[in-house]
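Listed below, chain by chain, are the residues.
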Amino acid sequence: MSFVSIRDVRFSYAQEGEQPVVNAVDGVSLDIEKGEFIAVIGHNGCGKSTLAKHLNAMLLPDSGSVVIDGDDTSVEENTYTIREKVGLVLQNPDNQLVASIVEEDVAFGPENLGVEPSEIRRRVDEALKAVDMYEYREHAPHKLSGGQKQRVAIAGILAIQPQCIVLDEPTAMLDPSGRQEVISTLLKLNREQKMTVVLITHYMDEAVLADRVVVMDSGKILIQGTPDEVFSQVELLKKHRLDVPQSAELAFRLTGCGLSLKSIPLTQADCVAMLEEAMR
Amino acid sequence: MVRDVAFGQYFPGKSLIHRLDPRAKILMFIAYIVIIFCTFNFAALGVTVAFTALYLILSRISPKFYFKSLKIIIFIVIFTSLLNLFYGTGDPLWQWGIFKITLNGISRAVFVSVRIICLILASSCLTFTTSPNELTDAIERLMKPLKVIHFPVHEIAMMMSLALRFVPTLLEETDKIMQAQKARGADMESGNLFKRVKALVPILIPLFVSAFRRAYDVATAMECRCYRGGAGRTRMKQIHLSKRDVVAFITLALVIGGVIVCNIFVTSVL
Ligand SMILES: Nc1ncnc2c1ncn2[C@@H]1O[C@H](COP(=O)(O)OP(=O)(O)O)[C@@H](O)[C@H]1O
Ligand SMILES: [Mg+2]
């Protein structure tokens, strides 16, 4: 069985007794294997954050099931084992840092789990080194840049030693260099530590780096597949008001002008190569 | 502008004072407040000033920051010393209408100013050398006996540490909102008091809304990090009494002794 197995999950924010107007998540099924890097994209309000909160039992499905490493999230005793296995990083880095010193903030998770002090120290140092923020361990969070704050937030989750880390638009509030820092940290974690990463984003150039891209639309999964498979369906994505990477867009338009291309380029380098070939 | 406050900040370091047990520091600080108000003449005050100076030097924090922390209370010092200056008894050195300055008034004014300055310096020394987490951790432990009467010790300590964490963030936000409202033509610097207070409303409302939204986010983030109250929690930074703390308590005892001796044997100049 997969590490994460989501089966036909439906969820609405309607209060008890109220008629649900629409389901925020409406029949999603998804399997995530250990060590995978998954990107989830979709426009605002399509239910990405709601789905993310189902992965660590912050929200429980109205119907269907979410099973993490064999534990069903809807069983109350599993809540904390699940939160130890799946860490969730939120959008606003400011509101995730709860202590006034970086290293004390990173220690917050393991402290909650009742880990031995010397072991907490070891985990904190390791986590801060993994996100390249070790030199800042004694700084005050409010004096860091957005990218640095978000990396500290990631370290705070790493110190819990999860097997999977889910990030809900972690780069939405960052400048380009902050985004770059966060994304390369995630890639490093995934490559070097085999960390399972679920990255929710609305930047297509981040999504193309994933092993698999899941596109959501009005609470449902529209399509999923490798970045190549997904972004070659430019027309479908556009119909649902979704962006495609700029290079894919260019290729799509060139094809529209009658140019025949072998494949859809996803990165700048691929795009340059494609144009060179096309011009010969 | 609002961000430029040194009071209540923490400067990481490895000085002797930094390494004292935060519980010892809090208890000593409380004792210090009592001592300061029990000095009745300049000799006794001199002993506490020397004690304060010793700790400030040992804290190895630039005097610049101590001066900065004094800046915000300078008006209180001036105000109270003026009051005392004109309330002295004895022969006037200088008189103008009902205002007269006496030798007694001058020494009173100096005495009171030194007391206030010492208090601020000591509290700055405490917060400069003790991280907010250490402080709240120490308070939590010192208040632990109150758990017997179901006093929410952990909750209060957690609230304090979160408040300390978010003060700078909220100050920054206030600055931003003020700039935004100014850019829309809000006028906060002119008009009478009533008008100025009214001008604060468009700043406070967005600030409150955002603070509540933040609180919701912070709670979510804490739950994501397995927070479930104080039960079963451990701390990364263990605090324990050491020889250093014993020495610190001995210096404190010496000062208490010195102040008592001075109070009894030195004839008051006040
Ligand atoms: N706390 C909430 N209460 C009520 N409705 C909500 C809440 N959070 C989100 N929603 C609604 O659920 C839907 C999905 O939201 P969300 O999962 O946040 O989408 P996304 O993260 O993809 O932008 C939206 O229509 C949104 O308005
Ligand atoms: Mg969202």
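Residues numbered from 1 in each chain as written. Chains lettered and ligands numbered in written order. Predicted model: local features only at pLDDT ≥ 70, side-chain atom pairs only at ≥ 80, totals over all residues. Heavy atoms only, no water.

Colleague: Is there a simple way to explain the overall build of chain B in this structure?
Modeller: Broken down by element type, chain B carries nine helices and two strands. Listing each helix as α and each strand as β along chain B from the N terminus yields α-α-α-α-β-β-α-α-α-α-α. Taking 270 residues into account, the globule formula puts the C-alpha radius of gyration at 18 Å, and chain B, at 23 Å, lies well above it. Considered along the principal axes of its C-alpha atoms, chain B spans approximately 70 × 60 × 40 Å. Here chain B, with 270 residues, has 41% of them falling under the buried criterion. Counting every atom, chain B has about 15700 Å² of accessible surface; 72% of that belongs to carbon and sulfur. Side chains of chain B give 31 positive and 15 negative charges; the mean places of these two sets differ by 4 Å. (Helix = DSSP H or I, 4+ residues; strand = E, 2+ residues; numbered from the N terminus. Rg over C-alpha atoms; globule rule 2.2 N^0.38 Å. Buried < 20%, exposed > 50% of the residue type's maximum accessible area, 1.4 Å probe, protein only. Areas by Shrake-Rupley, 256 points an atom, 1.4 Å probe, with all protein chains shown as cover. Lys, Arg positive; Asp, Glu negative; His and termini not counted. Charge placed at Lys NZ, Arg CZ, Asp CG, Glu CD.)

Colleague: Hey, could you run me through empty space enclosed by the protein in this one?
Modeller: Unfilled space is identified by rolling a water-sized probe across the atoms. In total, this model carries five cavities of 30 Å³ or more according to the counting rule given. Within this model, the largest cavity holds a volume of roughly 220 Å³. Counting residues per element, the ones that place at least two in the lining of the largest cavity are α1 (22–37), α2 (42–58) and α5 (103–129) of chain B. A breakdown of the residues in the lining of the largest cavity according to their chemical character gives 12 nonpolar, two polar and one charged. As a volume, the second largest cavity reaches approximately 140 Å³. For the second largest cavity, the lining is made up of 15 residues, of which Asn133(B), Met158(B), Ser161(B), Arg233(B) and Arg235(B) are closest to its centre. Of all the secondary structure elements, the ones that give two or more residues to the lining of the second largest cavity are α4 (108–112) of chain A together with α6 (132–142) and α7 (153–183) of chain B. (1 Å grid on protein atoms, 1.4 Å probe; cavity = no way out; pocket = protein on both sides within 12 Å on 5 of 7 lines; lining within 4 Å. Points joined across faces, edges and corners; volume = space filled by probe spheres on them. Nonpolar A, V, L, I, M, F, W, Y, C, P; charged D, E, K, R; others polar.)

Colleague: What is the right way to look at the domain arrangement of chain B in this model?
Modeller: Many authors give the size of an interface as the accessible area that is lost as the parts come together. Its domain assignment divides chain B into domain 1 (1–130 + 240–270) and domain 2 (154–239). Inter-centroid distance (C-alpha atoms) of domain 1 of chain B to domain 2 of chain B is 31 Å. (Domains from an automatic or database assignment.)

Colleague: What's the story with the state of the cysteines in this structure? I'm lost.
Modeller: All names here are of chain B. A complete count under the given rule lists zero disulfides over all chains for this structure. This cysteine, cysteine 38, is not joined by any disulfide, and cysteine 262 carries the nearest cysteine sulfur, 13 Å off. Note on cysteine 226: no disulfide assigned, nearest cysteine sulfur contributed by cysteine 224 at a separation of 8.8 Å. The class for cysteine 226 is buried, based on a relative accessible area of 0%. (Disulfide = S-S within 2.5 Å.)

Colleague: Where do I start with the domain arrangement of chain A in this structure?
Modeller: Residues and elements named next belong to chain A. Looking at chain A, the domain boundaries give domain 1 (4–242) and domain 2 (245–280). In this structure, domain 1 and domain 2 have C-alpha centres spaced 32 Å apart. In this assembly, nine residues from domain 1 lie in contact with six residues from domain 2. Around 700 Å² of area is buried between domain 1 and domain 2 when both sides are counted, 79% of it from carbon and sulfur atoms. Salt-bridge contacts for lysine 238 lead to glutamate 249; the nearest nitrogen and oxygen are separated by 3.2 Å. Here domain 1 is connected to domain 2 by one residue pair in polar contact (both at pLDDT 80 or more). Elements with a contribution of two residues or more to the side of domain 1 that touches domain 2: α9 (227–231) and α10 (234–239). (Contact = heavy atoms within 4.5 Å. Buried area = accessible area lost by both parts, 1.4 Å probe. Salt bridge = Lys/Arg side-chain N within 4 Å of Asp/Glu carboxyl O. Polar contact = N/O pair within 3.5 Å; in protein donor to acceptor, adjacent residues only side chain to side chain.)

Colleague: Got a minute to help me understand the packing of α6(B) against α7(B) in this structure?
Modeller: Residues and elements named next belong to chain B. As a packed pair, α6 and α7 sit with axes 9 Å apart at the nearest point and diverge in direction by 165 degrees. When the axes of α6 and α7 are compared, the pair comes out roughly antiparallel. Crossing of α6 over α7 shows right-handed handedness. Contact with α6, carried on its side by Pro132, Asn133, Thr136, Ile139 and Glu140, involves Val153, His154, Ala157, Met160, Ser161 and Leu164 of α7 and no other residues of that element. Residue classes in the contact of α6 with α7 are distributed as six nonpolar, four polar and one charged. (Axes fitted to C-alpha atoms, helices over the stretch in contact; angles between N-to-C directions. Parallel < 35°, antiparallel > 145°, perpendicular 65-115°, else oblique. Left-handed = near helix turned anticlockwise from the far one by under 90°.)

Colleague: It is not clear to me how the pattern of salt bridges should be interpreted in this structure. Could you clarify?
Modeller: A side chain with one charge may pair with a side chain of the opposite charge, provided their charged atoms come close. With the rule as written, the count across this model stands at 31 salt bridges over all chains. Arg23(B) is the partner of Asp21(B) in a salt bridge, and the nearest nitrogen-oxygen pair spans 2.8 Å. Residue Asp21(B) is classed as buried on the basis of its relative accessible area of 2%. Between Asp137(B) and Arg235(B) there is a salt bridge; the shortest N-O distance is 3.3 Å. Placement of Asp137(B) in helix α6 and of Arg235(B) in the loop between α8 (193–224) and α9 (243–265) is noted, with a sequence separation of 98 residues between them. Arg235(B) carries the same exposure label as Asp137(B), and that label is buried. Connected via shared salt-bridge partners are Glu103(A), Glu104(A), Arg121(A), Asp125(A) and Lys237(B).

Colleague: Got a minute to help me understand the interface of chain B and chain A in this structure?
Modeller: Contact with chain B, which involves 35 residues of that partner, is made by 41 residues of chain A. When chain B packs against chain A, the two sides together hide about 3400 Å² of surface, and 53% of this comes from carbon and sulfur. Three residues, Arg165(B), Arg225(B) and Met236(B), lead the burial of chain B against chain A; their summed loss comes to 27% of the area buried on that side. Note that Glu138(A) and Lys14(B) form a salt bridge whose closest N and O atoms lie 3.8 Å from each other. Scanning the region where chain B abuts chain A turns up 17 residue pairs in polar contact (both at pLDDT 80 or more). Looking at the side of chain B that touches chain A, the elements with two or more residues in it are α6, α7 and α8 of chain B. For the side of chain B that touches chain A, the leading source of residues is α7(B), giving nine residues. Considering only residue class, the side of chain B that touches chain A consists of 15 nonpolar, nine polar and 11 charged.

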